[in-house]
Amino acid sequence: QVQLVESGGGLVQPGGSLRLSCAASGSIFNSYTMAWYRQAPGKQRELVATITTIGNTNYADSVKGRFTISRDSAKNTMYLQMNSLKPEDTAVYYCNARTAGVVLFPNVYWGQGTQVTVSS
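This section reports on the structure supplied with the text. Bear in mind the structure is a predicted one, so any value in this text is a computation, not a measurement.

Description of the packing of aromatic side chains
Each aromatic ring pair is summarised here by two numbers: the centre-to-centre distance and the angle between the ring planes.
Next, step 1: All chains considered together, the criterion is met by three aromatic pairs.
Next, step 2: Taken together, Tyr37, Tyr94 and Trp110 form an aromatic cluster joined through their ring pairs.
Next, step 3: Stacked on the ring of tyrosine 94, the Lys or Arg arginine 45 has its end atom at 3.8 Å from the ring centre.
Next, step 4: In this arrangement the basic side chain of arginine 45 is found over the ring face of tryptophan 110, its NZ or CZ atom lying 4.6 Å from the centre.

Pasting the structure below:
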C-alpha cells in the first residue's frame, strides 16, 4: 500500500508562484509513474504533468512553460513548481502514482489533494 501526502497549496496572486510537494510512503519512483492532476469546481479531474521512472516528463498544454514536475528519490518526494499562475489554475491538486509499464491490473494511488487558489 502506497500513501501519498500533498502539501504546499494556498492562496497566491496572479503571476505568483507555488511549489507543491507529494511525499510518498516509500521508495516508489523506480516502479511507479508519478503525476499531478487537478480538479476545478464543476469540472472533471485533468492531468497536469507526469514523470516516468526514467525521468521523462510530459505536461498539459495549458501549463507548458509555466509548471515543472520533478522528484527527489532520496526524499521520496515529488514536486510541482508552478510559476506565472493564472486564476484558471485554481483547483484542488492531486498527487497520483500508477504502476509503470504495461500491467494488466495496475496499482493506482491518490493523495488527499491540496487547494490552490489564484486570486487578487
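What to know about the sheet that holds strand 8 (residues 77-82)
Next, step 1: Pairing in this open sheet of four strands is antiparallel, and the strands run 1-3-8-7 from one edge to the other. Edge positions in the open sheet fall to strand 1 (4-7) and strand 7 (67-72), since each of these has one partner strand only. Neighbouring strand axes in the sheet, compared pairwise and without regard to direction, differ in orientation by 15 degrees on average.
Next, step 2: Taken together, the six bridges between strand 3 (residues 18-24) and strand 8 define a ladder with antiparallel strand orientation. Considered in strand 8, the bridge of arginine 19 is made with glutamine 81.

Focus on the state of the cysteines
Next, step 1: Applying the stated criterion across every chain yields a total of one disulfide.
Next, step 2: A sulfur-sulfur separation of 1.9 Å characterises the disulfide bridge that pairs cysteine 22 with cysteine 95. In this structure, the disulfide formed by cysteine 22 and cysteine 95 twists by about -65 degrees around the S-S bond and is classed as left-handed. Of this pair, cysteine 22 sits in strand 3 while cysteine 95 is found in strand 9 (residues 91-99), placing the two residues 73 residues apart along the sequence.

Looking at the pattern of salt bridges
Next, step 1: In the structure shown here, the tally under the stated rule is four salt bridges.
Next, step 2: Measuring nitrogen to oxygen at the nearest pair gives 3.0 Å for the salt bridge that ties aspartate 89 to arginine 38. Of this pair, aspartate 89 sits in the loop between strand 8 and strand 9 while arginine 38 sits in strand 4 (residues 32-39), and the two are 51 residues apart along the sequence. Residues aspartate 89 and arginine 38 agree in their burial class; the two are buried.
Next, step 3: When the shortest N-O distance is used, the salt bridge between aspartate 61 and lysine 64 registers 3.2 Å.

About the cut-offs
Residues numbered from 1 in each chain as written. Predicted model: local features only at pLDDT ≥ 70, side-chain atom pairs only at ≥ 80, totals over all residues. Heavy atoms only, no water. Phe/Tyr/Trp six-rings, centres within 6.5 Å; stacked < 30°, edge-to-face > 60°. Lys NZ or Arg CZ within 6 Å of the ring centre and 35° of its normal. Pairing = 2+ DSSP bridges. Helix = DSSP H or I, 4+ residues; strand = E, 2+ residues; numbered from the N terminus. Axes fitted to C-alpha atoms, helices over the stretch in contact; angles between N-to-C directions. Disulfide = S-S within 2.5 Å. Salt bridge = Lys/Arg side-chain N within 4 Å of Asp/Glu carboxyl O. Buried < 20%, exposed > 50% of the residue type's maximum accessible area, 1.4 Å probe, protein only.

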